[in-house]
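# Summary of structural features
Chain residues, written in single-letter form:
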Amino acid sequence: MIEIRNLHKSYSTGQGTVEVLKGIDLTIEQGAITAVVGPSGAGKTTLSHCISLLEKPTSGQVLVDGRNLSALSGQALRSERRAIGTIFQHSALLRRMTVAENVALPLRNLGVVHREMEDRVAELLDRVGLLHKANAYPGQLSGGQKQRVGIARALALRPRILLSDESTSGLDPESTQQILDLLDDVRTELGLSVILITHEMDVVRHVADQVAVLANGRVSEYGPIGALVADPQSGAGRQLLPVRALPLPAGFDYALSVSYRHGPVDPEWLTRLSTGLGVRVALLGGSVEAHGEAVLGRAEIGVAGRPEAEVRSYLEQLGLVADPRDPVSTAAAASTRTATAPPSEGAEREANEKIGVRA
Ligand SMILES: Nc1ncnc2c1ncn2[C@@H]1O[C@H](COP(=O)(O)OP(=O)(O)OP(=O)(O)O)[C@@H](O)[C@H]1O
Ligand SMILES: [Mg+2]
């Protein structure tokens with residue numbers, strides 16, 4: 001489990017001090033996948049660096065299984081850092097080493113004996129489905145394969161936490177899905193906590209249990225995906241399950257924005273509403289999907305025939321929450337994907353230095 005308590009991080013620049021993290025509080029349960037989302041510049045990478053101890057917080061604590069890692073330094077810090085495996089955006093593999101050599105690096109740095117290392121590397125590559133690429137060079141792999149090698153390397157020292165900063169950005173949907181399935185598998189099989197930093201709401205919805213939204217250096221929303229989507233007031237909920245609705249057709253009295261509650265919902269609610277209350281109902285837009293055992297759903301409907309309060313309380317009985325349609329809900333739902341530039345040699349070197357890998 002990771003507990004982040006009142007975490008602050010400031011940087012000194014030529015123009016003075018910039019406060020990037022302004023008091024972050026988060027509890028991340030063991031075995032859960034937690035997504036951290038937020039606009040560019042919100043402080044996601046800074047938070048990730050504070051968690052992986054690449055940066056020292058200005059104040060506040062990061063507790064891993066109750067131990068305050070942010071207070072450590074030197075050998076103790078290096079040793080505790082092994083609890084956290086990091087996957088980088090552009091995999092940060094060393095291009096002059098084979099796949100197997102890349103995965104072996106953290107083990108070699110630790111002085112693991114040759115025979116044991118070979119077995120472990122084979123086991124790790126097998127786990128990510130790339131044993132047959134052991135002797136290939138990173139340049140001969142697809143983007144998704146490189147990321148899977150990055151995951152194998154991050155798992156080499158048997159971490160309890162896996163931290164991924166935009167590891168699926170720029171990948172095609174199929175490769176993204178493979179990476180997400182893999183993260184889900186290792187979380188289940190190894191009981192790891194996964195922290196997934198991403199811009200992509202599709203990614204969050206498919207794999208995360210909970211979401212923390214970072215805005216201006218603070219956590220603005222935090223909770224299980226189902227609860228955020230079910231909460232009509234949640235901006236994150238709207239972005240997670242966007243609804244692009246039609247305008248209210250002529251002949252209808254008003255529009256309602258309907259969210260599926262975090263619990264049982266009558267799947268025949270549209271029919272029931274219409275026949276039970278004797279109203280006309282137009283479906284203007286909506287999205288319903290399975291999320292593990294739960295159902296995520298949001299819809300916009302037009303209604304004619306009965307007063308709004310009566311319709312809303314009837315929907316409530318069917319397991320839905322209805323609110324007057326918010327005119328910005330549909331427009332604001334656009335996804336926030338960002339374009340990503342390819343890594344430079346310098347960026348690769350820097351990333352490798354961070355994880356203690358030397359070329
Ligand atoms: N070493 C540094 N010195 C000064 N300012 C920094 C430093 N690192 C980050 N910042 C500033 O902190 C803010 C947050 O940066 P950060 O990289 O954490 O954002 P982010 O949420 O990861 O953004 P993105 O989505 O673009 O990756 C930015 O305004 C950035 O300029
Ligand atoms: Mg970032």
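No experiment lies behind these values; they were computed from the predicted model shown.

Thresholds, definitions, all that
- Residues numbered from 1 in each chain as written.
- Chains lettered and ligands numbered in written order.
- Predicted model: local features only at pLDDT ≥ 70, side-chain atom pairs only at ≥ 80, totals over all residues.
- Heavy atoms only, no water.
- Near = heavy atom within 4 Å.
- Polar contact = N/O pair within 3.5 Å; in protein donor to acceptor, adjacent residues only side chain to side chain.
- Areas by Shrake-Rupley, 256 points an atom, 1.4 Å probe, with all protein chains shown as cover.
- Helix = DSSP H or I, 4+ residues; strand = E, 2+ residues; numbered from the N terminus.
- Nonpolar A, V, L, I, M, F, W, Y, C, P; charged D, E, K, R; others polar.
- Salt bridge = Lys/Arg side-chain N within 4 Å of Asp/Glu carboxyl O.
- Buried < 20%, exposed > 50% of the residue type's maximum accessible area, 1.4 Å probe, protein only.

Our next topic: the site of ligand 1. By nearness alone, every residue bordering ligand 1 is listed as Y11, T13, V20, P39, S40, G41, A42, G43, K44, T45, T46 and H199. Between ligand 1 and the protein, one listed contact pairs an oxygen atom with a side-chain N or O atom of S40 at 2.5 Å. Between an oxygen atom of ligand 1 and a side-chain N or O atom of H199, the distance comes to 3.1 Å. Bound to the protein, ligand 1 loses 60% of the 630 Å² it would expose on its own. For the shell around ligand 1, the elements supplying multiple residues, two or more each, are β1 (2-13) and α1 (44-51). It is α1 that provides the largest number of residues to the shell around ligand 1, a total of 3 residues. Taken together, the residues that form the shell around ligand 1 break down as 4 nonpolar, 7 polar and 1 charged.

Before going further, it helps to examine the pattern of salt bridges. Opposite charge on two side chains permits them to pair, given that their charged atoms come into close proximity. Counted by the stated rule, this structure contains 17 salt bridges. The shortest N-O distance in the salt bridge between E55 and K9 comes to 3.6 Å. Pair noted here: E55 is in the loop between α1 and β4 (59-64) and K9 is in strand β1, with a separation of 46 residues, a long-range link. Of the residues examined, E55 reaches a relative accessible area of 23% and is grouped as partly exposed. Across the pair R272 and D266 runs a salt bridge, and its minimum N-O distance is 2.4 Å.

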